[in-house]
Amino acid sequence: MRKPWIGGVIAGVLLLGACGDPGSGTGAAPADAPRAEPSELPPPSTTQQRAAEKPRPKAPKVLYLGDSLAMENQNVLGGLLRDELGAAYRSAPYSGTTLCDYLDDTGKDSLVPDKHKAAALVRAERPDVVVLQFWGNAWGYTPCMDGITYDKQREKYFERYAADAEALAAQIDGAAGADGPRVVWVLQGPDPITPDRVRRVNGIYERQARASGGRVADAGRAVAPTSGRYTWVEKLPCTAYEREHPEYCTDSGRTALHRADDYLHFCLAPTTPKSRPCPTRSPGIRRMAAEITRAVAEVS
């Protein structure tokens, strides 16, 4: 028997309009990004090796790029990075995007303007750490994917996604010259519709991190039950932090990660046609941002 929540989830898919979800094709085009100003991995490339061996300042400079999950996370992450690490911080996320949107050679087919391409921002900002958070747009919303979708061309989708991850890491590395940043790839949380897709996308990030001297931040584990890394749930038991801060422990010892009508995003405010940082306290966002902050601290 189909569980009742599955029907609501599938219906909710059609209402989503931001990050690589099935409804993204009908969503509004992303607005200009606001200027809201685990294991150690070997760095094999020459530039990344120099970057890894070079002593980092105690207060790192962090650049955060990504899709609608990054869009809604950006203010919370920036606050944690500043408060806990004293970091200088720049974010430039765009909703509905995937890795190819931040590549230099995607031109008019990209949802990201040239001034906010990854390489351009690395040259302008000279960050110590670049954080990349992408759900993995799989339903044809992003023009630079050339119509390759997970449902119709599954293996081609993964091949293209892996190639784009490699190209993006190379462009970041090349833009930095001899003083390259460490790249932190954010692993994504469970997807109730296509759980294997997220697992394989996370595998691409892990392999790319190993290949180019990067690091992964398993933020997705922070929003999954301990019984199953890729098991989707709407609520989880409160963490110690959430119990100490009751405003985050929202439901008698449990905390809401998602709205009932949005299985993908973690902002507890409704999704709007114009993308924005999340305007309300949202435990799932804080959980992920805390894990990203921890990863940044370890590579800084």
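For the structure itself, consult the block above.
Parameters at a glance
Residues numbered from 1 in each chain as written. Predicted model: local features only at pLDDT ≥ 70, side-chain atom pairs only at ≥ 80, totals over all residues. Heavy atoms only, no water. Helix = DSSP H or I, 4+ residues; strand = E, 2+ residues; numbered from the N terminus. Buried < 20%, exposed > 50% of the residue type's maximum accessible area, 1.4 Å probe, protein only. Areas by Shrake-Rupley, 256 points an atom, 1.4 Å probe, with all protein chains shown as cover. Disulfide = S-S within 2.5 Å. Expected span 1.5 Å × (residues − 1). Salt bridge = Lys/Arg side-chain N within 4 Å of Asp/Glu carboxyl O. Core = buried A, V, L, I, M, F, W, Y, C linked by side-chain atoms within 4.5 Å. Contact = heavy atoms within 4.5 Å. Bend = angle between axes of the 7 residues up to and from the residue. Polar contact = N/O pair within 3.5 Å; in protein donor to acceptor, adjacent residues only side chain to side chain. Pairing = 2+ DSSP bridges. Axes fitted to C-alpha atoms, helices over the stretch in contact; angles between N-to-C directions.

Draft legend 1. How the structure looks around the overall build of the protein. Within the protein, the regular secondary structure consists of eight helices and seven strands. The burial tally for the protein puts 56% of its 300 residues in the buried class. When the accessible area of the protein is evaluated, it comes to approximately 12500 Å², of which 52% is carbon and sulfur surface.

Draft legend 2. Representation of the state of the cysteines within the structure. Enumeration over the complete set of coordinates arrives at three disulfides. Between the sulfur atoms of Cys238 and its disulfide partner Cys249 the distance amounts to 2.0 Å. In this structure, the disulfide formed by Cys238 and Cys249 twists by about 105° around the S-S bond and is classed as right-handed. In this pair, Cys238 is assigned in the loop between β6 (235-237) and α7 (240-244) and Cys249 in the loop between α7 and β7 (254-256), connecting sequence segments 11 residues apart. Under the relative-accessibility criterion, Cys238 is labelled buried at 6%. Linked covalently through their sulfurs, Cys267 and Cys278 form a disulfide whose S-S length is 2.1 Å.

Draft legend 3. Up close: helix α8 (residues 283-299). Look at α8: 25 Å from first C-alpha to last across 17 residues, which is about the 24 Å you get at 1.5 Å a residue. Taken across its 17 residues, α8 has 13 buried, putting it largely inside the fold.

Draft legend 4. How the structure looks around the pattern of salt bridges. The final tally for this structure, using the stated rule, is 15 salt bridges. A salt bridge links Arg197 to Asp191; the shortest N-O distance between them is 3.8 Å. Between Asp261 and Arg259 there is a salt bridge; the shortest N-O distance is 3.0 Å. Residue classification places Asp261 among the partly exposed positions, given a relative accessible area of 37%. Among the ionic contacts, a cluster of salt bridges with common partners joins Arg215, Glu291, Arg294 and Glu298.

Draft legend 5. Inspection of the nonpolar core at higher detail. Residues Leu65, Leu132, Tyr157 and Trp185 are the most contacted members of the largest nonpolar core, which totals 38 residues. Broken down by element, this core gets its largest block of residues, nine residues, from helix α5 (residues 154-176). Setting aside chain neighbours within four positions, we find Leu65 in contact with Ala70, Ala92, Tyr102, Ala118, Leu121, Val130, Val131, Leu132, Gln133 and Phe134. Counting 36 residues, the second-largest nonpolar core is a separate cluster that includes Leu80, Leu81, Tyr89 and Val131.

Draft legend 6. Structural detail: helix α3 (residues 68-85). An ideal rise of 1.5 Å per residue puts 26 Å on 18 residues; α3 measures up with 25 Å between its terminal C-alpha atoms. Considering bend angle alone, the principal kink of α3 is centred on Gln74 and spans about 55°. Those residues of α3 lying buried are Ser68, Leu69, Ala70, Met71, Glu72, Asn73, Gln74, Leu77, Gly78, Leu80, Leu81 and Leu85. For α3, the capping residue at the N-terminal end is Asp67, with a side-chain oxygen 3.1 Å from the backbone nitrogen of Leu69. Directly beyond the C-terminal end of α3, a positive phi value near 65° is found at Gly86.

Draft legend 7. Structural view of the sheet that holds strand β2 (residues 88-91). Ordered in space as β2-β1-β3-β4-β5, the five strands form an open sheet in which the pairing is parallel. At either end of the open sheet lies a strand with only one pairing partner, and these are β2 and β5 (215-217). Adjacent strand axes in the sheet meet at a mean angle of 25° when their direction is disregarded. Relative to β2, strand β1 (residues 61-66) is paired through four bridges, and the arrangement is parallel. Note that in β2 the partner of Lys61 across the bridge is Ala88.

Scope: geometric values only; no functional claims are made or implied.
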